[in-house]
Amino acid sequence: MSYPPHHPGYPPMPGAVSLLVAYPQPIAPPPGCAVLVVSVNRGPYLVPATAAGRFKVDGRDVPIPREGTWYVAVPAGQHDVRYTDFMGVPVITTTVVAHPGAAHPLSFRFGGWRNRVHDGYGTDVTKFGMWSNYLIALIALVVVGVLCCGGFGLIGALSGSS
């Protein structure tokens, strides 16, 4: 099996590159740092996943305003990377070991059934991936339907037997 090559070095961006800031174009990592190449899809949701959620690296917010590919400079080392919902509940989590000067691609995929994150080789590196909002809504609808219909049936049976 052959793997796609690692991302080549990027030309330097004019001006200084700040850590934990999302850039819409490729950036050169500062000395001793790496770059997370974060791809985010909209998801099948009515409100795009990026508009309703927050991207966090080691618990710090990194503003990603919309779907697409974003470049984030991070210090070398191990990082907890996650997407949370608007209340801070984790939706997708993973861990990345960033090597100095390297680009680490992460593809956050918000799907119809499960939310997952993949690395640059297409390998699923999700530590935690919450079910999709649609699947949660479907399960809630079934539970409410059973409770509601079951409750009416129970009340009808009790009132009919007396």
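Structural data are supplied above this passage.
Residues numbered from 1 in each chain as written. Predicted model: local features only at pLDDT ≥ 70, side-chain atom pairs only at ≥ 80, totals over all residues. Heavy atoms only, no water.

## Thoughts on the sheet that holds strand E3 (residues 54-57)
- Overall, antiparallel pairing links the five strands, which are arranged E4-E3-E6-E7-E10 in an open sheet. Of all the strands in the sheet, the pair left with one neighbour each is strand E4 (60-61) and strand E10 (128-129).
- In terms of strand pairing, strand E7 (residues 90-98) meets E10 through two bridges, oriented antiparallel. The partner of Thr93 across the bridge, within E10, is Phe128. (Pairing = 2+ DSSP bridges. Helix = DSSP H or I, 4+ residues; strand = E, 2+ residues; numbered from the N terminus.)

## A few points about a nonpolar patch on the surface
- Taken together, the side chains of Trp131, Ile136, Ile139, Val143 and Leu147 make up a nonpolar region of the molecular surface, amounting to roughly 460 Å² of accessible area.
- Mapped onto the elements, Leu147 comes out in helix H2 (residues 133-161). (Patch = residues over 30% accessible without salt bridge, like charges linked within 9 Å, V, L, I, M, F, W, Y side chains within 5 Å. Areas by Shrake-Rupley, 256 points an atom, 1.4 Å probe, with all protein chains shown as cover. Salt bridge = Lys/Arg side-chain N within 4 Å of Asp/Glu carboxyl O.)

## With respect to unusual backbone geometry
- The backbone of Leu20 sits at a positive phi, close to 55°, despite the residue not being glycine.
- Within the secondary structure, Leu20 is located in the segment before strand E1 (22-23).
- Positioned with a positive phi, Asp58 is a non-glycine residue whose angle comes to about 55°.
- With respect to the helices, strands and loops of the structure, Asp58 is situated in the loop between E3 and E4.

## A short note on the pairing of strand E9 (residues 115-119)
- Pairing of strand E8 (residues 103-110) with E9 involves five bridges; the strand directions are antiparallel. The residue bridging Phe110 from the neighbouring strand is Asn115, located in E9.
- Here E8 hands over to E9 after four residues, the two strands then running antiparallel side by side.

Take it as geometry only, folks, not as evidence of what the structure does.
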